[in-house]
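These are the residues of each chain, in order.
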Amino acid sequence: MHRSSELSCQVALIPAVFFSLFSVATLAQQSDLRIDGERLNATMAHVKTIGLNEDGGSDRVAYSSHNKDALAYLSELMQAAGLSTQIDVAGNLVGRREGKVAGLAPIITGSHIDTVPNGGHYDGIVGTMSGIEVARTMNDNGVELDHPFDVIVWSNEEGGKIGSRSYRGAIGADEMALQSLGDKTLGDGIAYLGGDPNRLSESQRQAGDVAALIELHIEQGAVLDREGVTIGVVEGIVGIKRWNITVEGFANHAGTTPMDQRQDAMLAAARLTIAVNDTITGTPGKQVGTVGRMQLFPGAPNVIPGKVVMSLEIRDLQMEKVSLLFEQIEAAAQQIAMKSDTSILFKQYYESPAAITDERFKTTVENSANTLGLTSMHMPSGAGHDTQSLQGLAPLGMIFVPSVKGVSHAPSEFTSAQDITNGANVLLLTIIELDKQLR
Ligand SMILES: [Zn+2]
């Protein structure tokens with residue numbers, strides 16, 4: 001009885017041992033793979049010259065000639081990396097590397113190369129150029145993935161994530177007449193890049209059409225830089241809610257109305273602004289809340305403000321928490337209104353749901369950083385990204401690299417060559433690992 005159970009145990013172990021020896025060998029080979037950091041940073045430096053302005057910033061606004069020139073350069077790089085390329089109907093540049101298993105959906109990595117006017121040289125560019133470098137490294141080393149691998153340059157991220165949203169069918173035909181950041185309408189801009197605004201619906205993908213979405217990006221905040229950590233494992237992209245708040249008091253003479261007889265809308269608005277800050281900071285967590293706009297009416301030095309229109313924005317990974325914080329702020333507002341003899345009304349006008357990272361992706365990014373001997377930490381993304389507009393299509397994840405002093409959307413935006421190389425290596429190992437896990 002004892003012997004036979006020992007025997008069956010040994011028999012059962014044999015295939016497991018074979019399997020694990022085999023996997024260790026494969027893993028050892030592939031975890032030794034590294035991207036060419038010098039080559040990657042040289043392509044980054046070249047992209048910087050396309051749209052470089054006198055302030056040292058980037059004027060590569062979506063649908064500009066600089067945008068188009070940069071896409072032509074990237075398309076050449078993609079082809080040299082063995083990718084087939086096309087501009088799709090939404091103006092996205094798609095580079096594809098075929099997989100070896102027929103019928104699998106693609107693993108997609110992508111970011112953007114358009115910038116805000118007088119923007120930086122890293123936001124979007126790091127992820128885009130790293131995606132191409134990853135494909136180039138796989139090509140050089142004969143790595144064959146099971147899944148097709150798409151490197152996508154999403155069009156017009158800064159003007160409303162137009163290219164990535166088109167994959168979700170979230171761009172209406174009526175939006176085509178809207179003005180973008182540059183001098184063109186969305187429709188004219190898409191056509192200028194080589195897309196077709198009349199066939200935009202063709203770019204829509206359904207769940208199952210994509211196997212995975214992974215984006216490398218600069219943090220655009222100062223957390224990694226301050227903590228001295230190399231890799232950010234993104235827990236998700238925060239959800240956002242925005243409200244317009246109208247505070248109504250009574251506009252009256254600033255000289256003849258005694259202090260105890262005023263209905264000062266500005267005073268109530270100021271107290272409310274402080275209440276927002278107190279509520280947000282008084283709750284544990286990484287949520288942020290901001291009053292970013294305020295208009296006073298009538299707006300004269302000698303008139304007590306009768307009305308203030310102000311904004312409120314709250315961001316967090318948990319939408320329930322956003323709602324809870326809002327309820328607390330609203331309750332505080334009613335107290336303030338009562339004390340200041342004003343009325344305060346909230347009207348929500350915007351909501352962007354949070355996109356939560358897939359658990360497997362977090363583990364894989366963290367393991368890849370460990371393999372490379374890099375420090376990492378978990379963190380939310382406070383900024384929106386193309387990958388966020390793609391949520392619901394496939395499991396998703398993001399990798400962050402440090403932004404020096406957290407500066408972004410400005411010429412002084414900076415991420416070191418070494419940090420870019422590190423991020424690209426994490427992207428490479430993560431994609432290779434996800435390719436196995438998602439089979
Ligand atoms: Zn970006």
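Residues take numbers from 1 onward in each chain, read along the sequence in its written order. Two thresholds apply to this predicted model, a pLDDT of at least 70 for residue-level local features and 80 or more for giving and counting side-chain atom pairs, whereas whole-chain, interface and lining totals are computed over all residues.

(A) Representation of the overall build of the chain in the model. For the chain, the helix and strand inventory stands at 12 helices and 16 strands. Expressed as lengths along the three principal axes of its C-alpha atoms, the size of the chain is roughly 95 × 70 × 40 Å. Residues classed as buried in the chain amount to 45% of the 439 residues present. For the purpose of contact definition, each residue receives a C-beta atom placed from its backbone, and two residues are in contact when these atoms lie within 7 Å. Counting contacts in the chain only where the partners sit at least 6 residues apart, residues at least 24 apart contribute 80% of the total. Secondary structure elements follow DSSP: runs of H or I no shorter than four residues count as helices, runs of E no shorter than two count as strands, and numbering proceeds from the N terminus. Burial is judged by counting other C-beta atoms within 10 Å of a residue's own C-beta: 20 or more means buried, 12 or fewer means exposed, and anything between counts as partly exposed, with every C-beta placed from the backbone.

(B) Up close: the nonpolar core. Joining buried Ala, Val, Leu, Ile, Met, Phe, Trp, Tyr and Cys residues through C-beta atoms within 7 Å gives a set, and that set is a nonpolar core. Of all hydrophobic cores here, the largest spans 81 residues; its most connected members are Leu74, Leu213, Ile399, Leu427 and Ile431. The element contributing the most residues to this core is helix α12 (residues 417-437), with 9 residues. Setting aside anything within four residues of it in sequence, one finds Leu213 in contact with Ile108, Thr387, Leu390, Leu393, Ala394 and Leu396.

(C) View of helix α3 (residues 65-80). Given the number of residues in a helix, its expected span is that number minus one, multiplied by 1.5 Å. End to end, α3 covers 23 Å across 16 residues, agreeing with the expected 22 Å (1.5 Å per residue, within 8%). Buried residues of α3: His66, Asn67, Ala70, Leu71, Leu74, Leu77 and Met78, and no others. The arc that holds every buried residue of α3, seen down its axis, measures 135°, which confines them to one face. Every exposed residue of α3 that faces more than 90 degrees away from the buried side is listed here: Ser65, Ala72, Glu76, Gln79 and Ala80. Where α3 is buried, its residues touch α2 (37-49), β1 (84-87), β2 (93-97), α4 (125-140), β4 (149-153) and α6 (186-193). Positive backbone phi, approximately 85°, marks Gly82, located one or two places after α3. Here, the arc refers to the directions that run from the helix axis to the C-beta atoms.

(D) Seen up close, the domain arrangement of the chain. Domain delimitation follows an automatic or database domain assignment. For the chain, the assigned domains are domain 1 (33-237 + 355-437) and domain 2 (239-352). Distance between the C-alpha centres of domain 1 and domain 2: 38 Å. Contacts between the two partners involve 6 residues from domain 1, matched on the other side by 5 residues from domain 2. Partitioned by chemical class, the residues of the side of domain 1 that touches domain 2 number 2 nonpolar, 3 polar and 1 charged. Amino acids outside the nonpolar list (Ala, Val, Leu, Ile, Met, Phe, Trp, Tyr, Cys, Pro) and the charged list (Asp, Glu, Lys, Arg) are all regarded as polar, and Gly is one of them.

(E) Representation of the confidence of the model for the chain in the model. Here the chain averages 92 in pLDDT, while 94% of its residues score no lower than 70. A low-confidence stretch, residues 1-25 (pLDDT under 50), is modelled with 0 contacts involving residues beyond four sequence positions or located in other chains. Note on scores: pLDDT gives the predictor's confidence for each residue, bounded by 0 and 100.

(F) Quick peek at the packing of α4 against α12. Their axes nearest at 9 Å, the elements α4 and α12 cross at an angle of 55°. With respect to α12, the element α4 is oriented oblique. In terms of crossing hand, the pair formed by α4 and α12 is right-handed. Facing Val126, Ser130, Glu133, Val134 and Thr137 of α4, the residues of α12 in contact are Ile420, Gly423, Ala424, Leu427, Leu428 and Ile431. Looking at the contact of α4 with α12 residue by residue, the class counts come to 7 nonpolar, 3 polar and 1 charged. Interaxial angle, 0 to 180 degrees, is taken between N-to-C directions of lines fitted to C-alpha atoms, where a helix line uses only the stretch in contact. Geometric relationships in this document are graded by angle, where less than 35 degrees denotes roughly parallel, more than 145 denotes roughly antiparallel, 65 to 115 denotes roughly perpendicular, and other angles denote oblique. What makes a crossing left-handed is the near helix being turned counterclockwise from the far one by less than a right angle; a clockwise turn instead makes it right-handed.

(G) Structural view of the environment of Gly289. Examined against the element boundaries, Gly289 turns out to sit in strand β9 (residues 288-290). What makes Gly289 buried here is the crowd of 21 C-beta atoms within 10 Å.

(H) Seen up close, the environment of Val407. Locating Val407 in the fold gives a position in the loop between β16 (396-401) and α12. As for Val407 and Glu144, which are separated by 263 residues in sequence, their C-alpha atoms are 38 Å apart. Discounting chain neighbours no more than four positions away, the residues touching Val407 are Ser412 and Glu413.

(I) View of the pairing of strand β12 (residues 307-316). Strands are treated as partners if at least two bridges between them are detected by DSSP. Sheet topology places strand β7 (residues 239-248) next to β12; 10 bridges connect them, and they run antiparallel. Across the sheet, residue Asn244 finds its bridge partner in β12, namely Ser311. The pairing of β9 with β12 spans 3 bridges and is antiparallel. From the neighbouring strand, Thr290 faces β12, where its bridge partner is Glu313. The sheet contact formed by strand β10 (residues 294-297) and β12 spans 4 bridges and is antiparallel.

(J) Highlighting helix α8 (residues 265-281). Taking 1.5 Å per residue, 17 residues should reach 24 Å; α8 reaches 24 Å between its end C-alpha atoms and fits that length. Those residues of α8 that fall on the buried side of the exposure criterion are Ala265, Met266, Ala268, Ala269, Arg271, Leu272, Val276 and Thr279. Where α8 is buried, its residues meet β7, β9, β10, β12, α9 (319-340) and β13 (343-352).

(K) Quick peek at the environment of Asp69. Relative to the assigned elements, Asp69 resides in helix α3. Take Asp69: there are 15 C-beta atoms within 10 Å of it, and that puts it in the partly exposed class. Considered as a pair, Asp69 and Thr415 are 346 residues apart in the sequence and their alpha carbons are 24 Å apart.

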